[in-house]
Amino acid sequence: MTPVSRLLIIPLIFILCLTGCQKKAAKQDIITIGIVNVARDLEDTVDGFKKAMTEQGYIENRNLSYYYEGPLETLEALDPAISRVLEKKPDLILSLTTPVTLKVKKAAGNSGIPVVFCIIGDPIGSGIVESLRKPGGSLTGIHARGVGIKALEWLLQIVPELKRLYLFYNPDYRSMAATMQNVKKTASHHNIELITAAVRSREDILEALANIPENVQSLFQVPSAFWAPYFKEFLQAALDHKKPLMSHEYEWAEAGALASFGVDGVSIGRQAGRLAHKILQGTLPALLPVEQAEFFLTLNLKTAEALDLTIPDSILKQADHIIRQKPGSRP
Amino acid sequence: MFRTAFMGMALGPLLLVGLLFGWQSVNTQFENAMIHQREVGRRAADNIISFFNAAEDYLLAAILFGDLKNVTPQRQYQIISQAINHKHARYKNMYYDIAIIHCRKGILAYASLYGESSVACFLTHFRVEEFLPYICSGRRYYGPVSFDELTGEPLMTIAIPMVDLRSGEVWGALAVNIRINTIWQIVGDIKVGRSGKVYVVDQQNRVVAHPDPSVVLRGTLFNVPEKEGQARGLSGDPSILVIDTLSIEGQTFYLIAEQPLKEALSFTVTMLLQIFIVILLALLVSLLFALWTERHMIKPIELIAKQALRIGAGDLSQRIELERQDELGRLAGAFNTMAAELDSTIASLEQEVAERKRTAIELEAVNSELEDFAYIVSHDLKAPLRGVSQLAGWIAEDYADAIDEEGRNHIRLLLNRVKRMHGLIDSVLEYSKAGRIREKVTDVDLAALMQEVIEELSPADNVRIVVENCPQSIAAERTRLKQVIQNLVDNAVKYMDKKKGLVEIDCASEAAYWRFSVSDNGPGIARKYHEKIFHIFQTLSPRNQTENTGVGLSLVKKIVETFGGRVWLKSQEGKGSTFFFTWPKKTGENNEK
């Protein structure tokens, strides 16, 4: 080999390495995100999530693809939907609500697929994570701990004469069961008598709504997506019985419930998107603490007027949304 | 070695300049990055201080406008509930919880943003024993950052003393736990390059504010370097850190603007990399060109040169095998053609030399035969002539009385003829010898030679022979030189027709030759005979008038030309003639025809 040939080798190797590195850097993986959503009401959460992902540079059909199972409308459709999602071997799963997240956690097992959950009342109480600070495992997300307590406190302020409360919950939902414990404690502190309606099905709900005690001053739903399909039934019953209804969805207050206190779907979705971005960038879900969701208070003055209820200005000042106009228009 | 040295000398300065330029660029960009980060950090610090000021201002407003001491507990709760749930977009949800604390009565009201607004919860979040004595003495309190056990959220207690306007005494405090995560948005809004960040670390090296909430929520620790500049950042990567110290009512925070070193210097690094790649590419192209040149030009030239040297050394069988259509191919072809022609020429020359050698041998043989022949012929011819002469002599002697005058005349004529024949044979013999018989070259004393010639010729008294300008001696074959001069002078004397005859012998030096001339003032020779007179047996006058064999001038010509000279004459009828001849100064040069 001539000296000239020998000298050629070094720059050739270097340029080849650079080319290889460039090629490696240039190659862009398509990320797949599986989404499991059981309720139509939570579509805005999915939208918020997608918007946040787009803002962070994940463009659908370019470097990102979604595999969306939802809205499923029934819990029976969950298992096959989750199986289909897992078959796609997604890089990340977004799960909405406690039942969905628990099933995803069980189905994903040790697959290592990271899961971001949201619309979860109590991730510790429902067994999704061991700790908010250090979730461990492959799940992390957004929690709404305390929403039940605060919702009750708001109801107490809005309906000062409240002494007896008709409370709806599903004992089979672990998150509702955990929230119930805190709500009971708060009610006890405020000397509020709780008349509970344990419902598991539509029939149970209809029966409970048909049998609203006359001596209760208000109706209260333990926050959960479980109530979403029974939107009209609850509103009609509250109207018929002229009882203030405290919900946790803005749409319910907009449609006629006296008030709602809970999370905003789009905000939670965006918050989940930010978490997903961190995970996709390489942070382990076990090291990402579960974040607190923001709560929003919505008051319906038309309903209050219909119930002959005067909401003090001091309360109105603290409301995020006040419904004064026809439904569907957020201030 | 030359090529290596040359490349080293060409590349060395280039690389040195590149290194110096790169170093300077890196330093400049480093400084610029620090300046930018310092500005960013200052902006973040201003916003953070503004946040704490706003947090305090809200509390002061609640104290000022709420008249908290004189209202009912329910009203107190409403006021602090409004304070905690205020909808100011900029600092929404900045308080985690809030409490009105009486210096003697304890907690009067408590509200929480997320937790239960009950007195029981108050105690878990407020270290009342720490700040109440502080507050009740009229001082503001800013506590260290603490982390909620359940959520890990960083909180900071601020307590503002409340003063009775009439007595001027401190009756209580309005205390809040500020959610430090409100500052997360502040630092999150500030960009430091593409991946740089601004974050806040407290005195216990805990990260309390960071664009990534999880960094704070998992209790990340960071040892703040003593000096800003290049250091390992929060990410662990080499970074540029600019550190600003915030003192808020006795609590110290470190606001750090961090940018990865790789990113901060990316422009310079990219530029240097591009320059390096360009240099490498240029080097690669140069090397490729050098390789091509070496292969397609230098090696063929070296091959041609090597083969040419071999051909030059005598190996004419070598051929340059270079099948190309370009100039080098044509050059190689020309060399091959030259070698072939040289080979052929040398072969021809060798053949010619061999032939000449054969010819020379034959010539020598012939010469030898001719010499023998000439000797034999002259001897055999002379013998009868002697016999005839002797017989004629005897007859003239023995029968003198019996022969009349006419008879005696015939015998005299006969004897003359015999004598002439004798002379002719000798002349022919001499002519044949001339050019063949060589003698040793010696330094011939010309004066002595001329004198010898004159004495042997014994010219008549009316003829004077003069020798002028001749050198002392010249290197020559004496016999041949004498023959030439003698024949020319003899002719001049023989044919002198003047009463006072003059024969002048002159010499002159001409480069490689001596030029002799023999001039006479005789009858001269017509121009038409200037060539003819040098032919053998040619005479201008009848032999019965002048005894002449007709061989003399031809002999002169033959001898002179044998030695490489030439002979010619100038003559004017009636006035005289001058015969010239040249004789080489060095024998051996120009004397071979």
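Residues numbered from 1 in each chain as written. Chains lettered and ligands numbered in written order. Predicted model: local features only at pLDDT ≥ 70, side-chain atom pairs only at ≥ 80, totals over all residues. Heavy atoms only, no water.

Trainee: So what about the overall build of chain B? Which residues, and what values?
Mentor: Counting secondary structure elements, chain B contains 13 helices and 17 strands. In chain B, which comprises 593 residues, the share counted as buried stands at 42%. Pairs at least 24 residues apart make up 64% of the contacts formed inside chain B by residues separated by at least 6 positions. Approximately 32700 Å² of chain B is accessible, and the part contributed by carbon and sulfur atoms is 56%. (Helix = DSSP H or I, 4+ residues; strand = E, 2+ residues; numbered from the N terminus. Buried < 20%, exposed > 50% of the residue type's maximum accessible area, 1.4 Å probe, protein only. Contact = heavy atoms within 4.5 Å. Areas by Shrake-Rupley, 256 points an atom, 1.4 Å probe, with all protein chains shown as cover.)

Trainee: Tell me what's going on with helix α5 (residues 147-158) of chain A, and back it up with residues and numbers.
Mentor: With twelve residues, α5 of chain A extends 16 Å between its outermost C-alpha atoms, agreeing within 8% with the 16 Å of an ideal straight helix rising 1.5 Å per residue. By the criterion of burial, α5 of chain A is predominantly enclosed, with twelve of the twelve residues buried. (Expected span 1.5 Å × (residues − 1).)

Trainee: A description of the interface of chain B and chain A should follow, citing residues and the corresponding values.
Mentor: Taken together, the 36 residues of chain B in the interface contact 40 residues of chain A. For the pair chain B and chain A, the two sides together bury roughly 3400 Å², of which 62% comes from carbon and sulfur. Contact with chain A buries area across many residues of chain B, yet Tyr114, Glu116 and Leu150 of chain B alone supply 20% of it, more than any other trio. The tally of links from chain B across to chain A stands at one salt bridge. Between chain B and chain A we count seven residue pairs in polar contact (both at pLDDT 80 or more) in total. Elements represented by at least two residues in the side of chain B that touches chain A include exactly α2 (73-84), α6 (213-217) and α8 (266-313) of chain B. (Buried area = accessible area lost by both parts, 1.4 Å probe. Salt bridge = Lys/Arg side-chain N within 4 Å of Asp/Glu carboxyl O. Polar contact = N/O pair within 3.5 Å; in protein donor to acceptor, adjacent residues only side chain to side chain.)

Trainee: How would you summarise the packing of helix α2 (residues 43-55) of chain A against helix α10 (residues 265-280) of chain A if you had to cite specific residues and measurements?
Mentor: All names here are of chain A. Two elements in contact, α2 and α10, have axes separated by 7 Å at closest approach and are oriented at 45 degrees. When the axis of α2 is compared with that of α10, the two are oblique. Relative to α10, the crossing made by α2 is right-handed. On α10, the residues that touch Asp44, Thr45, Gly48, Phe49, Lys51, Ala52, Met53 and Glu55 of α2 are Gly265, Val266, Ile268, Gly269, Arg270, Ala272, Gly273, Ala276 and Leu280. The residue inventory of the contact of α2 with α10, partitioned by class, reads eight nonpolar, five polar and four charged. (Axes fitted to C-alpha atoms, helices over the stretch in contact; angles between N-to-C directions. Parallel < 35°, antiparallel > 145°, perpendicular 65-115°, else oblique. Left-handed = near helix turned anticlockwise from the far one by under 90°. Nonpolar A, V, L, I, M, F, W, Y, C, P; charged D, E, K, R; others polar.)

Trainee: Kindly report on the environment of Val26 of chain B, identifying the contributing residues and their values.
Mentor: Residue and element names in this part refer to chain B. The residue Val26 is located in helix α1 (residues 2-66) in this model. Here the alpha-carbon distance between Val26 and Leu265, two residues 239 residues apart in the chain, equals 6.5 Å. Once you skip the residues sitting within four places of it in the chain, Val26 turns out to touch Leu265, Thr268 and Leu272.

Trainee: Residues and numbers for the packing of aromatic side chains, please.
Mentor: All told, the structure shown has 24 aromatic pairs over all chains when counted by the stated rule. Their ring planes at 65 degrees and their centres at 4.8 Å tell us that Tyr166 of chain A and Phe168 of chain A sit as a pair that is edge-to-face. For the pair shown, Tyr166 of chain A and Phe168 of chain A are each scored as buried. Aromatic pair Trp227 of chain A and Phe234 of chain A: ring centres 5.5 Å apart, planes at 75 degrees, arrangement edge-to-face. Here Trp227 of chain A and Phe234 of chain A have matching classes, each one buried. Joined through ring pairs, the aromatic side chains of Tyr166, Phe168, Tyr173, Phe226, Trp227, Tyr230, Phe231, Phe234 and Trp252 of chain A make up one cluster. Above the plane of the ring of Trp514 of chain B lies Lys585 of chain B, whose end atom (NZ or CZ) is 4.9 Å from the centre. (Phe/Tyr/Trp six-rings, centres within 6.5 Å; stacked < 30°, edge-to-face > 60°. Lys NZ or Arg CZ within 6 Å of the ring centre and 35° of its normal.)

Trainee: Provide a residue-level description of the pattern of salt bridges, including the pertinent values.
Mentor: All names here are of chain B. One pass over the full model with this rule turns up 29 salt bridges over all chains. Between Arg42 and Asp244 there is a salt bridge, and its shortest N-O distance comes to 2.6 Å. With Arg42 in helix α1 and Asp244 in strand β9 (residues 238-248), this pair connects stretches of sequence that are 202 residues apart. With a relative accessible area of 39%, Arg42 lands in the partly exposed category. Of the charged contacts in the structure, one is a salt bridge between Glu352 and Arg356, with a shortest N-O distance of 3.4 Å. Here Glu352 and its partner Arg356 are both found in helix α9 (residues 327-398), four residues apart, which amounts to about one turn of the helix. Its relative accessible area of 36% is what places Glu352 among the partly exposed residues. Take Arg356: its relative accessible area is 57%, and that puts it in the exposed class.

Trainee: Which residues make up the confidence of the model for chain A, and what are the values?
Mentor: Residue and element names in this part refer to chain A. Here chain A shows a mean pLDDT of 87. Residues at 70 or above account for 89%. By mean pLDDT, helix α1 (residues 3-26) is the weakest element of chain A at 55, and strand β6 (residues 164-169) is the strongest at 95. Segment residues 20-27 is flagged for pLDDT under 50; beyond a separation of four residues in sequence, or across chains, it makes zero contacts in the model. This model gives residues 327-331 a pLDDT under 50, and the stretch forms 13 contacts once residues within four places in sequence are excluded. (pLDDT = per-residue confidence, 0-100.)

Trainee: If you had to explain the state of the cysteines to someone new, which residues and values would you point to?
Mentor: Residues and elements named next belong to chain B. Following the criterion strictly, the structure yields two disulfides over all chains and no others. The side chain of Cys103 participates in a disulfide bridge whose partner is Cys136; the two sulfur atoms lie 2.1 Å from each other. Between Cys103 and Cys136, the S-S dihedral sits near -105 degrees, and the bridge is therefore left-handed. You can see Cys103 sitting in the loop between β1 (95-102) and β2 (106-112) and its partner Cys136 sitting in helix α4 (residues 128-136), a full 33 residues away along the chain. Assessed through its relative accessible area of 22%, Cys103 is described here as partly exposed. Overall, the relative accessible area of 25% leaves Cys136 in the partly exposed class. Shown here is the disulfide that connects Cys470 with Cys507, its sulfur atoms set 1.8 Å apart. Between Cys470 and Cys507, the S-S torsion sits near 65 degrees, and that sign places the bridge as right-handed. Residue Cys470 is found in the loop between β12 (463-468) and β13 (473-476), and its partner Cys507 is found in strand β14 (residues 501-510); the two are separated by 37 residues along the sequence. Exposure remark for Cys507: the relative accessible area of 4% places this residue in the buried category. If the cysteines joined by disulfides in chain B are listed in sequence order, their pairing comes out as 1-2, 3-4. (Disulfide = S-S within 2.5 Å.)

Trainee: Account for the sheet that holds strand β5 (residues 170-179) of chain B, with residues named and values stated.
Mentor: All names here are of chain B. Reading across the sheet, the five strands line up as β2-β1-β5-β4-β3 and stay open at both edges, with antiparallel pairing between neighbours. At either margin of the open sheet sits one strand with a lone partner, and together these are β2 and β3 (141-147). Mean inter-strand twist for the sheet, computed between neighbouring axes without regard to direction, equals 20 degrees. Pairing of β1 with β5 involves seven bridges; the strand directions are antiparallel. Paired with Ile98 across the two strands is Val176, which belongs to β5. Relative to the sheet, α2 contacts β1, β2 and β5, its axis offset from that of β2 by approximately 40 degrees. (Pairing = 2+ DSSP bridges.)

Trainee: Can you lay out the side chain of Ser554 of chain B for me, pointing to particular residues and giving the numbers?
Mentor: All names here are of chain B. Of note, Ser554 is situated in helix α13 (residues 552-562). The exposure class assigned to Ser554 is buried, which follows from its relative accessible area of 2%. Within the structure, the side chain of Ser554 is placed 2.6 Å from the backbone oxygen of Val551, a separation counted as a polar contact. Apart from the residues within four sequence positions on either side, Ser554 is in contact with Tyr431, Phe534, His535 and Ile536.

Trainee: How would you explain the pairing of strand β17 (residues 576-584) of chain B if you had to name every residue and give the values?
Mentor: All names here are of chain B. Burial analysis of β17 places nine of its nine residues in the buried class, the great majority of the element. Alternating positions in β17 separate into two faces, Gly576, Thr578, Phe580, Thr582 and Pro584 on one and Ser577, Phe579, Phe581 and Trp583 on the other, with burial throughout. Sheet topology note: the strand β15 (residues 513-520)/β17 ladder contains eight bridges and is antiparallel. Note that in β17 the partner of Val518 across the bridge is Phe579. Relative to β17, strand β16 (residues 567-572) runs antiparallel, the two sharing six bridges. Opposite Ser571, over in β17, you have Ser577 as the bridge partner. Counting the residues between successive antiparallel strands, the hairpin from β16 to β17 contains three residues, one of them, Gly574, with a positive phi of roughly 85 degrees.

Trainee: Go over the sheet that holds strand β7 (residues 207-209) of chain B with me, naming the residues and quoting the values.
Mentor: All names here are of chain B. Taken together, five strands build an open sheet; the order of strands is β7-β6-β10-β9-β8 and the sheet is antiparallel. Of all the strands in the sheet, the pair left with one neighbour each is β7 and β8 (229-232). Across the sheet, the mean angle from the axis of one strand to that of its neighbour is 45 degrees, orientation sign disregarded. Judged from the four bridges that link them, β8 and β9 form a sheet pairing that is antiparallel. From the neighbouring strand, Arg232 faces β9, where its bridge partner is Pro238. In the packing of helix α5 (residues 181-188) onto the sheet, contacts are made with β6 (197-202) and β7, and the angle to β7 comes to roughly 80 degrees.

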